[in-house]
Amino acid sequence: MPPELTAALALCRNLPSPPGIALRIIELAQDPEADITTAADIIAIDMALSARMLRIANSPLYASRRRIENLGQALTMLGLNATVSLALGFTVTQGLTAPGDGQDLRERAWRRSILSALAASLLGQARGLRKAEELMLAGLLQDLGILVLAQAQPDTYLPLLRQAADNDALVALEREHLQCTHADVGALMAEQWDLPRYLVDSIARSESPATAEDNFQTCVALSGAVADIWLSADADAAREHALHLVHERLQLDSAQFDQVLARISDALPDISALFETPLLSPSRVQQLIDHAQELATLRNLREMQDAAQARQRADEFEARANRLAEQAHRDALTGVLNRRQLEAVLEQEFLRATRHGWPLSVAFIDLDDFKKINDAHGHLMGDQVLRVFAGKLQEQLRNSDTVARFGGEEFIALLPNTTEPVALEVVRRVLANIVNTPMAEVPDGPLFVTFSAGVATQGGYERFADVQDLLKAADDVLYRSKNLGRNRVIARSPGRHRREPDAPSQRGRARGLRRSAAK
């Protein structure tokens, strides 16, 4: 390939589309019910647009772990709005404003590419290949080099196109004047555009069936000969030539071949409509371009609105999920953590304390004589007492501390980075406040409660093997606290068992509790 041609090809990226495709894209952009399937049907019969969509989907901008191998994957990745917006820009600027000179020659290339796409796909089906979409794409793009050469070197190449009576004659002229063929140019461009390797290889071998390495490449290489049946001045001779190649290379008989031709004929009315678009005046072209730009702007606006709504819905779903997760972690009656979540938090805090070497204190708390409250005032009143007590307990601890309902009237207070003496002082202060705070109003007046608690600490005096041992130690101390007369907080370590004297008001409130509970 001459160096000057290679240099010109490096600058060639935008290829024209048939005007009929451009008008269909404009219609698609106006349709609020349009979907990705409709867009794919239109794009799949335009080699310039198909190549560009595939190139963009495999570009670094849309880089993904999965290699995009066909048009369906490409459009799915890009999405409907992006596909239509890109197609508007590509087809309108190139398909409607592209050159009037050589339009008839480009139209011949467009027709042949569509016919070749159908032929490649149907030949593959006749041979039992299960890559219909990839075959159609390879057949469509095999003459990509014709559009590239017409775009990159119109003064040199358009006369060759006009002079050639058929595809074989064109290939001969290309070799004579360019030292390469449009298949060589198409393969080079496909490689530069980072199209899938099977497309590069199929395009490269499209003009030499003997070099095809498998049935896939053979179907593509023979599809052009099938397409020429509809384009040749002598259709019968073209059919005989194509039948000979298909029988020799693919082992299809004349009956199978005629079925392929019949199915291509069935598709021709829709395809022919693409090339019956009347020539447009410059003013009409400008109007269409203005309209397309407006549609592209509206599409982009719609895409931004959809993205904003999607983000809002995602935020709402996330907030709802967080609320549900939080509810699953909370005790339904009291609102503090439930036992299952306590186990997870306790395990996490135990590991953290072990890793950093800081203390972790646990207070096992049990409301005194709670059964008497239920018996005297009913379970609903008992539930209210539990709710109020849990709230008051949470209020008097730090945000970093954890309160959980262990079960019934038993609660756990988890105090990270807190030594046993400090934890003992904190829980005693909580008890002093609780004793003086009414939990509910009953006919006899305010209802007060007391609690008993046991404190155990990981670190300091003791090192526990796991969280279960730590909890059991706190529970053992709670049991001892109950045996010593309730309404007290004691610790596990020696010298911490003596109960602090109650303040007078505390003793009065405790007696009030016992009187009220007994009633």
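The numbers attached to residues start from 1 for each chain and follow its sequence in the written order. Only residues with pLDDT of 70 or above have their local features reported here, since the model is predicted, and side-chain atom pairs are shown and tallied only from 80 upward, although totals for entire chains, interfaces and linings are computed over all residues. Side-chain measures here rest on the full set of heavy atoms in the structure, leaving out hydrogens and waters.

Quick word on helix α7 (residues 103–126)
Starting at the N terminus, helices and strands are each numbered in turn, a helix being any DSSP run of H or I of at least four residues and a strand any DSSP run of E of at least two. For a helix, the expected span equals 1.5 Å multiplied by the residue count minus one. Counted at 1.5 Å a residue, the expected span for α7 with its 24 residues is 34 Å, and the 34 Å between its end C-alpha atoms agrees. With 18 of 24 residues buried, α7 lies mostly within the body of the structure. Just downstream of α7, Gly128 is the residue with a positive phi angle, here 85°. Only protein chains enter the calculation, and the probe is 1.4 Å; a residue is then buried if its accessible area is under 20% of its type maximum, exposed if over 50%, and partly exposed in between.

Things to note about the sheet that holds strand β6 (residues 451–458)
What the 5 strands build is an open sheet, ordered β2-β3-β1-β6-β7; its pairing is mixed. Two strands lie at the open edges of the sheet, namely β2 (402–407) and β7 (489–491), each paired on one side alone. Strand-to-strand twist in this sheet, taken as the mean axis angle between neighbours without regard to direction, amounts to 20°. Two strands qualify as a pair provided that DSSP identifies no fewer than 2 bridges between them. One ladder, built from 3 bridges, connects β6 with β7; its direction is parallel. Bridging from a neighbouring strand, Val455 pairs with Ala491 of β7. Every residue pair with non-hydrogen atoms within 4.5 Å of one another is taken to be in contact. Helix axes are fitted only over the stretch in contact, all axes being lines through C-alpha atoms; the angle between N-to-C directions runs from 0 to 180 degrees. Those strands touched by helix α22 (residues 467–483) are β1 (360–367), β2, β3 (410–416), β6 and β7, and its axis lies near 145° from that of β6.

Quick word on the pairing of β6
The element β6 is extensively covered by neighbouring structure, given that 8 of its 8 residues are classed as buried. Where burial is concerned, the two faces of β6 agree: the one with Phe451, Ala453, Val455 and Thr457 and the one with Ser452, Gly454, Ala456 and Gln458 are both buried. By the bridge criterion, 8 bridges tie β1 to β6 in an arrangement that is antiparallel. If you follow Val362 over to β6, its bridge partner there is Ala456. A crossover connection joins β6 to the parallel β7 through α22; in handedness this β-α-β unit is left-handed. Crossover handedness is defined here as right-handed if the route from the first strand over the helix to the second strand goes clockwise, with the strands pointing away from the viewer.

Here we look at the environment of Leu135
As for its position among the elements, Leu135 is in helix α8 (residues 132–141). For the pair Leu135 and Leu122, spaced 13 residues apart in sequence, the C-alpha separation works out to 8.7 Å. For Leu135, the contacting residues outside a window of four places in its chain are Ala120, Ser121, Gly124, Leu129, Phe216, Cys219 and Val220.

A closer look at the confidence of the model for the protein
Chain-level statistics for the protein give a pLDDT mean of 84 and a share of 84% at 70 or above. The quantity known as pLDDT measures the predictor's confidence residue by residue, on a range of 0 to 100. Note on residues 496–519: pLDDT under 50 across the span, and 38 contacts to partners over four residues away in sequence or across chains.

Overview of the environment of Ala227
Looking at the secondary structure, you find Ala227 in helix α14 (residues 215–231). It is 9.0 Å that separates the C-alpha atoms of Ala227 and Ala242, two residues lying 15 residues apart in sequence. In contact with Ala227, not counting residues within four places along its chain, are Arg112, Leu115 and Ser116.

Focus: unusual backbone geometry
Glycine aside, residues mostly have negative phi angles, and peptide bonds mostly take the trans form. The phi torsion at Asp194 lies on the positive side, around 60°, for a residue other than glycine. Within the fold, Asp194 resides in the loop between α12 (182–192) and α13 (197–204). Among the residues examined, Asp194 registers a relative accessible area of 38% and is labelled partly exposed. A positive phi angle, near 60°, is found at Gln251, a position not held by glycine. Here Gln251 is to be found in the loop between α15 (235–250) and α16 (254–272).

Remarks on the packing of aromatic side chains
By convention, a stacked pair of Phe, Tyr or Trp rings (six-membered ring in the case of Trp) has centres within 6.5 Å and planes under 30 degrees apart, an edge-to-face pair has planes over 60 apart, and any other such pair is tilted. With the rule as written, the count across this model stands at 4 aromatic pairs. Ring geometry for Tyr198 and Phe216: centres 5.6 Å apart, planes at 85°, overall edge-to-face. Residue Tyr198 is found in helix α13, and its partner Phe216 is found in helix α14; the two are separated by 18 residues along the sequence. Accessibility assignment for this pair places Tyr198 and Phe216 in one class, buried. Centre to centre, the rings of Phe364 and Phe406 are 5.0 Å apart; their planes meet at 70°, and the pair counts as edge-to-face. Here the residue Phe364 occupies a position in strand β1, and Phe406 occupies one in strand β2, the gap between them amounting to 42 residues. For Phe406, a relative accessible area of 17% puts it in the buried group. Among the aromatic side chains, those forming a connected cluster through ring pairs are Phe389, Phe411 and Phe451. Lying over the aromatic face of Trp193, Arg55 brings its terminal NZ or CZ to 4.8 Å of the ring centre. Cation placement over rings: the criterion is NZ of Lys or CZ of Arg within 6 Å of the ring centroid and within 35° of the ring normal. For Arg339, the ring lying beneath its charged end belongs to Phe406, and the centroid distance is 3.9 Å.

Focus on the packing of helix α4 (residues 47–57) against helix α5 (residues 71–78)
Between α4 and α5, the shortest axis-to-axis distance is 9 Å and the interhelical angle comes to 60°. The angle between α4 and α5 falls in the class oblique. Both α4 and α5 take part in a crossing whose hand is left-handed. Facing α4, whose interface residues are Ser50, Met53, Leu54, Ile56 and Ala57, α5 presents Leu71, Ala74, Leu75, Met77 and Leu78. Residues belonging to the contact of α4 with α5 are distributed by class as follows: 9 nonpolar, 1 polar and no charged. Just so you know how the angles are binned, under 35 degrees is roughly parallel, over 145 roughly antiparallel, 65 to 115 roughly perpendicular, and the rest oblique. Note: crossing handedness is left-handed where the near helix turns anticlockwise from the far helix by less than a right angle, and right-handed where it turns clockwise. Here the term charged refers only to Asp, Glu, Lys and Arg, the term nonpolar to Ala, Val, Leu, Ile, Met, Phe, Trp, Tyr, Cys and Pro, and the term polar to all other amino acids, Gly among them.

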